[in-house]
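# Descriptive structure summary
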Amino acid sequence: MKFLDKYKEYFKEYDEMEKDFIDDEKIWEQLNKHVNPSKENVKKVLEKAEKKIRLEPEEMAILIQNKDPETINEMYKLASKLKKDVYGDRIVFFAPLYISNKCVNNCKYCGFRKENGKIQRKTLTMEEIEEEVKIMISEGQKRTILVYGESPETTIDFICDSIRQVYNTKFENGEIRRANINCAPLSREELKKLKEVGIGTYQVFQETYHHETYRKMHPENTIKGHYRWRLYSQDRAMDVGLDDVGIGVLFGLYDWRFELMGLLYHTIHLEEKYNGVGPHTISVPRIEPAIGTSYPSEAKYAVRDEDFKKLVAILRLSVPYTGIILTAREKPEVREEVLPLGVSQIDAGTRIGVGGYKKSRGNELPEKEQFQLGDLRSLDVVIGETCKMGELPSFCTACYRAGRTGEEFMEVAKSSFVHNFCMPNAILTLKEYLLDYASEETKKAGEEAIKKHLDKLKDGKTKEFVLEALNRMEQGERDIRV
Ligand code: SAM
Ligand code: SF4
């Protein structure tokens, strides 16, 4: 009970607030006002989006409610164009690392829920983390996100130790260069410690922005039952200077149209409060079947593939400078279709069980996991196929390591920086992957992608640097970046 007591103190700040920044009624009013918008209205919003200006909620509502096939098609085309303009042809790769599935909460949809007796509970030791990380490195991973249930074992000191362990693990030519975090909402003091240890993005999904649905999904006597403690997680991070934050919704718990508006309101709230700095990323997980839960059979709001495609495109148009993360929860066909509409990051080679990388090496069945994965292809296969699609896989971690986050990142993202820095760094990190980890087939596809994208580098000096760096890498040098 002591564990829970400290939260009562934390909750006070939010219980005293008259209201939060999600107004359920207003969101529905805005959506209802624009049922079946005229083509002219849709086009007006698209004209604004083309200028890469963040949309207002009413404008997003117009896109959400648009059912006209012709202008929906225009939405898709513009979303793809914006993606290319802002991010180039890059897709950033990462893989999650599950550290603990012990959890005091009881979220109705999650396999880690306290009352689920059907899974084995486990928190990795530092040695086991090292083992998992070595396997990830040996497969070519450079970026990870550490995932934790919420329990007395996953204290902030444990979390910090686990991050240090990840960074300190080396294997042959490789190492993990960026560790992001997906854990329970933390206090400011705890977040300060996370900042000190050097994390990338601090990610917390609101799951659902709809207050009533949130209450139904998260029993009140649990920590997670406190909507506002979670809603203001990113504020607390920003307050202590941890300005690289991620938000997300678990699509399928409530109406996707409402949730999209919630994500936009959250972005606007952060931008207004923190000098124009909104979330670095938005994640769009769809609910998957999970052992010991009644989901997704109970999910009457399950999002159809067609709507999923639409919602990713609308996000791209509404928040042009925010990364969109699409996870391996989705099947390969869906990923391929949705990727060009605005996605900037995907995971591949993912194993989601605690100790899952080691288990998959031993060909153990991926039992007792949090939920089922849709894309079980290896990192090598996904890299090869991404290259064949004309995109450029990237393992770049340069901005984070150079301290370009928050306000500074927004500055660089809004200039030609992406094309002069991110594209060269994508080429260089893909080359590292091809040299050290790729199969023959992926090597071929990767070298072709590099050649094609080298030709697209406009700045002569940058191109010269990249060509020389590629040579140095052939000679054995690693981790060269612009
Ligand atoms: N315990 C922390 C929390 O709840 O924020 C972090 C870990 S939790 C395992 C990470 C995310 O998994 C949750 O935020 C939720 O969106 C997602 N998740 C839970 N159950 C899921 C399911 N059945 N299908 C897809 N994603 C799920
Ligand atoms: Fe625990 Fe997070 Fe799963 Fe909820 S979603 S049961 S808090 S691990």
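Residues numbered from 1 in each chain as written. Chains lettered and ligands numbered in written order. Predicted model: local features only at pLDDT ≥ 70, side-chain atom pairs only at ≥ 80, totals over all residues. Heavy atoms only, no water.

In the neighbourhood of ligand 2, the contacting residues comprise Cys103, Asn105, Cys107, Cys110, Phe112, Arg113, Gly149 and Lys224. Residue composition of the shell around ligand 2, by class: four nonpolar, two polar and two charged. (Near = heavy atom within 4 Å. Nonpolar A, V, L, I, M, F, W, Y, C, P; charged D, E, K, R; others polar.)

This part covers the confidence of the model for the chain. Averaged over the chain, the pLDDT score is 93; the fraction of residues at 70 or greater is 96%. For this predicted complex, the interface confidence comes out at an ipTM of 0.99, alongside a pTM of 0.96. (pLDDT = per-residue confidence, 0-100.)

What follows concerns unusual backbone geometry. Here the phi dihedral of Glu207 falls at roughly 70 degrees; this positive angle occurs in a residue that is not glycine. With respect to the helices and strands, the residue Glu207 is situated in the loop between β6 (202-203) and α9 (211-217). Accessibility expressed as a relative area gives 7% for Glu207, which makes it buried. In this structure, Asp479 takes a positive phi of about 55 degrees despite not being glycine. (Helix = DSSP H or I, 4+ residues; strand = E, 2+ residues; numbered from the N terminus. Buried < 20%, exposed > 50% of the residue type's maximum accessible area, 1.4 Å probe, protein only.)

Counted by the stated rule, this structure contains 17 aromatic pairs. When the ring of Tyr7 is compared with that of Tyr10, the centres are 5.6 Å apart and the planes differ by 90 degrees; the resulting orientation is edge-to-face. Of this pair, Tyr7 and Tyr10 both sit in helix α1 (residues 2-15), three residues apart, which is roughly one turn of the helix. Among the residues examined, Tyr7 registers a relative accessible area of 5% and is labelled buried. Relative to Phe258, the ring of Tyr254 has its centre 5.3 Å away and its plane inclined at 80 degrees; by these criteria the two rings are edge-to-face. Assessed through its relative accessible area of 9%, Tyr254 is described here as buried. Put simply, the rings of Tyr7, Tyr10, Phe11, Tyr14, Phe21, Trp229 and Tyr232 pair up and form one aromatic cluster. The ring of Trp229 is capped by Arg236, whose NZ or CZ atom sits 3.5 Å from the centre of that ring. (Phe/Tyr/Trp six-rings, centres within 6.5 Å; stacked < 30°, edge-to-face > 60°. Lys NZ or Arg CZ within 6 Å of the ring centre and 35° of its normal.)

A few words on the domain arrangement of the chain. As assigned here, the chain comprises domain 1 (5-20 + 87-377), domain 2 (27-82) and domain 3 (403-474). One C-alpha centre belongs to domain 1, the other to domain 2, and the line joining them spans 28 Å. On the side of domain 2, 25 residues touch domain 1, which itself brings 27 residues to the contact. With both sides pooled, the region where domain 1 packs onto domain 2 buries about 2,400 Å², and carbon together with sulfur makes up 72% of that total. Considering only the side of domain 1, the residues that lose the most area to domain 2 are Met261, Lys310 and Leu317, jointly responsible for 29% of the buried surface there. Our count for the domain 1 to domain 2 interface comes out at one salt bridge. Residue Arg54 is joined to Glu271 by a salt bridge in which the shortest nitrogen-to-oxygen separation is 2.9 Å. Inspection of the region where domain 1 meets domain 2 yields eight residue pairs in polar contact (both at pLDDT 80 or more). Of all the elements in the fold, those that place two or more residues in the side of domain 1 that touches domain 2 are α12 (256-273) and α13 (305-318). (Domains from an automatic or database assignment. Contact = heavy atoms within 4.5 Å. Buried area = accessible area lost by both parts, 1.4 Å probe. Salt bridge = Lys/Arg side-chain N within 4 Å of Asp/Glu carboxyl O. Polar contact = N/O pair within 3.5 Å; in protein donor to acceptor, adjacent residues only side chain to side chain.)

Between the first and last C-alpha of α12 there are 26 Å, a value that for 18 residues agrees with the 26 Å anticipated at 1.5 Å per step. Burial runs high along α12: 15 of the 18 residues are buried. (Expected span 1.5 Å × (residues − 1).)

Turning next to the pattern of salt bridges. Applying the stated rule across the entire model yields 53 salt bridges. Close ionic contact of Arg377 with Glu385 constitutes a salt bridge, the shortest N to O distance being 2.6 Å. Residue classification places Glu385 among the partly exposed positions, given a relative accessible area of 29%. A salt bridge links Lys431 to Glu474; the shortest N-O distance between them is 2.7 Å. Pair noted here: Lys431 is in helix α19 (residues 417-436) and Glu474 is in helix α21 (residues 460-474), with a separation of 43 residues, a long-range link.

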